[in-house]
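What the coordinates show
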Amino acid sequence: MAESHEKFYITTAIDYANGDPHFGHALEKIGADAIARFHRQLGRSVHFLIGMDEHGQKVAQTAAAQNVDPQAFVDAVAARFRGTWDRLSISYDQFIRTTDGAHKSGVRALIKRIHESSPDNFYEKTYEGWYCVGCELFKRDDEIVDGKCVLHPTRELQWTQERNWFFRLTKYQPFLERLLAERPDFIQPESRRNEILGLLAQGLEDISITRSKLAWAIPFPIASASGEQQGTWVWFDALPNYLTATGYPGKEWRNRWPAQLHIVGKDITRLHCVIWPAMLQAAELPLPERVWAHGFISFGGERFSKSAGVKIDLDETISRFGPDAFRYFLLREIPFDGDGTFSLERFDAVYTSELANGLGNLASRVIAMVEKYCDGIVPNAAAHIDLDALDSADLTAARAAMDGSHGYLCHEALACVARLTERANLHIQQTQPWALAKDASNKAKLDETLAVLIRSLARQAAYLAPFMPGKAQALWSQLGAPGTASEAMFATVEQLSATGWHVNKEGGLFPRPEQPPKAG
RNA sequence: GGCAGGGUAGCUCAGCUGGUUAGAGCACGGCACUCAUAAUGCCGGGGUCGCGGGUUCGAGUCCCGCCCCUGCUACCA
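The following refers to the structure shown. (Residues numbered from 1 in each chain as written. Chains lettered and ligands numbered in written order. Predicted model: local features only at pLDDT ≥ 70, side-chain atom pairs only at ≥ 80, totals over all residues. Heavy atoms only, no water.)

1. Some thoughts on the pairing of strand S15 (residues 291-294)
In S15, alternate side chains face the same way, and those of Val291 and Ala293 on one face and Trp292 and His294 on the other are all buried. Pairing of strand S10 (residues 187-188) with S15 involves two bridges; the strand directions are parallel. Directly across from glutamine 188, in S15, lies its bridge partner tryptophan 292. Bridge count for strand S14 (residues 261-265) against S15 is four bridges, and the pairing is parallel. Across the sheet, residue isoleucine 263 finds its bridge partner in S15, namely tryptophan 292. (Buried < 20%, exposed > 50% of the residue type's maximum accessible area, 1.4 Å probe, protein only. Helix = DSSP H or I, 4+ residues; strand = E, 2+ residues; numbered from the N terminus. Pairing = 2+ DSSP bridges.)

Have a look at this one:
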């Protein structure tokens, strides 16, 4: 594995400040955090950006409904989000908010640059059409069936008109087609890329990028013919956060831009794969290298929604087994390239079988044997055996799952690490250290067995660190390993020798639930 | 409506260009072991591979029709 110090600028979608963080937000941040941490341990120079999207009509309305100033409202929401991210150990390097002064001036600078590079990029037009109150959108003819919006067939459409600034998106259609053709990895996974290809095949339309009655927004920086000052459409405000976070248009922005990876939800891929690249191209700025669209969590079945008033609360669920177990479950169970379901039964089952009975018990039995048979000091038996090589193959596969060559498949990487746990448990059964310990002539074999098991646990701790930073560190320190699990570079982990480490069993890593919670 | 993907053991899924008795994990039953968080290891029960036709020596795997599910169908975020 080639160690690389290249920069890795990774972003997540900024969250809309119109409510509290929920499972969907958490899945994205946890996944992005695992990717960021994994790449740090690959030796990359990572910068991990998250933040809040705080403008728009809905924010203003919600604030008004609560009788608070919009800024005070979003300040409070942002504080709650940060609280959740801190609790979940999201290792972000920067937290941007679209109400930050630097962001607002950065967006205005970007819009002016788009305008200056070609005034033709923007134009004013009176738009009129059928407006669906349900969607809060103007609908195109092909979205109207029998005079009703296909998505809200029970609502009446309203004929509305408004004069707005438009962005000439159509001008960039050939550019976008070339982009997707020349850089097949620009959008991953492939199913999302195909959707964008389908969209391009339909043909793009220019988009309106200002709103006349939008006060809680960045004022659009170009003077209109009528002199009316309009608010910038939220996405034209939000998308540039990835760029303004680098300091744009100050001098230093080129040190970080372009981003290596945008992590977004599958519902906003087109904003990131069509509009954002077109904006950057219009501004003659470099494009991000890749957009990864993850899937969603659903709560399968009616079990919970039906049982009156019972709803799955994020904070309570995190508290069930702690933040690390929660992270593990989401990343292990929900394929990061598709959708998955969350249920408490499944959470309990995975926690018990994989974390408590699997990894937790493995650590417990191995450490106990080193204490009992070797006075707590890992014996000198550095020779690597088959088990080391087999582990190594799985860890190579784990890196392949996370390095972007096939996407960012956290669930696959965790499946690889889980194989180390199973292998170590099987190895104990086969070598039976307790039997070896009864006869001093077996000392060498006993030492070799315990040493390789500690090495395996150390590898597991290092590779689990991106996914469960807290528990990985707890295991790392129980093994008596030097430094921290999160700072253990993958390139060196497989060469490590645990000889001389002082193990210390400080209680169970993943205690079994007192009584198996029966949901339902 | 259009486009795309999917329907395989109780649950979550794997099954590449068609070929021996359809696989894994979890759950369930039995056995072994005792270092360990009554954990671990081994063995086992369990499937008309959505439905109906067709091609073929042979189809979960190809073709046609039907049923069902999911996603996308851009200026709410």
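2. Considerations on the pattern of salt bridges
Within this structure, the stated rule accounts for 27 salt bridges. With its nearest N and O atoms 2.8 Å apart, the salt bridge here joins arginine 346 to glutamate 333. Of this pair, arginine 346 sits in helix H13 (residues 344-374) while glutamate 333 sits in helix H12 (residues 323-333), and the two are 13 residues apart along the sequence. Glutamate 333 sits in the partly exposed class, given a relative accessible area of 21%. Put simply, arginine 423 and aspartate 394 hold a salt bridge, and the shortest N to O gap is 2.7 Å. With arginine 423 in helix H15 (residues 410-431) and aspartate 394 in helix H14 (residues 386-402), this pair connects stretches of sequence that are 29 residues apart. Judged by its relative accessible area of 8%, aspartate 394 is buried. One network of salt bridges, with partners in common, ties together Asp388, Asp391, Asp394, Arg419, Arg423, Arg455 and Arg459. (Salt bridge = Lys/Arg side-chain N within 4 Å of Asp/Glu carboxyl O.)

3. Looking at the packing of aromatic side chains
Here the distance between the centres and the angle between the planes together describe a pair of aromatic rings. Inspection of every chain in the model, using the stated rule, returns 29 aromatic pairs. Seen in terms of ring centroids, tyrosine 92 and phenylalanine 95 are 5.7 Å apart; in terms of plane orientation they differ by 55 degrees. Their pairing is tilted. You'll find tyrosine 92 and phenylalanine 95 in the same group, each marked buried. Ring geometry for phenylalanine 329 and phenylalanine 342: centres 5.3 Å apart, planes at 85 degrees, overall edge-to-face. Placement of the pair is phenylalanine 329 in helix H12 and phenylalanine 342 in the loop between strand S17 (340-341) and H13, with a sequence separation of 13 residues. Considered together, phenylalanine 329 and phenylalanine 342 belong to a single accessibility category, that of buried residues. (Phe/Tyr/Trp six-rings, centres within 6.5 Å; stacked < 30°, edge-to-face > 60°.)

4. Observations concerning the pairing of strand S3 (residues 45-53)
Of all nine residues that make up S3, eight are buried, and the element is covered over most of its length. Note that strand S1 (residues 7-12) and S3 share five bridges and pair parallel. Within S3, the residue paired with isoleucine 10 across the bridge is phenylalanine 48. As paired elements, S3 and strand S4 (residues 94-97) share four bridges and run parallel to each other. Residue pairing in the sheet places glycine 51 in a bridge with isoleucine 96 of S4.

5. Here's the deal with the nonpolar core
Counting residues in each nonpolar core, the largest one holds 109 residues, and the members touching the most others are Ile10, Ile35, Phe326 and Phe342. Examining the composition of this core, we find that 14 residues originate from one element, H13, more than from any other. Residues within four places of isoleucine 35 in sequence aside, it is in contact with Phe8, Ile10, Leu261, Ile263, Phe336, Met402, Tyr408 and Cys410. Tyr9, Ile96, Trp253 and Val274 belong to the second largest nonpolar core, which has 56 residues in total. (Core = buried A, V, L, I, M, F, W, Y, C linked by side-chain atoms within 4.5 Å. Contact = heavy atoms within 4.5 Å.)

6. Side note on unusual backbone geometry
A cis geometry characterises the amide bond from glutamine 188 onward to proline 189, with omega recorded as -10 degrees. Tracing the backbone shows proline 189 in the loop between S10 and helix H6 (190-202). With an omega of 5 degrees, the peptide bond between tryptophan 257 and proline 258 qualifies as cis. Relative to the helices and strands, proline 258 resides in the loop between helix H8 (241-244) and S14. A positive phi angle, near 60 degrees, is found at asparagine 67, a position not held by glycine. For asparagine 67, the position within the fold is in the loop between helix H2 (57-65) and helix H3 (70-87). A relative accessible area of 73% places asparagine 67 in the exposed class.

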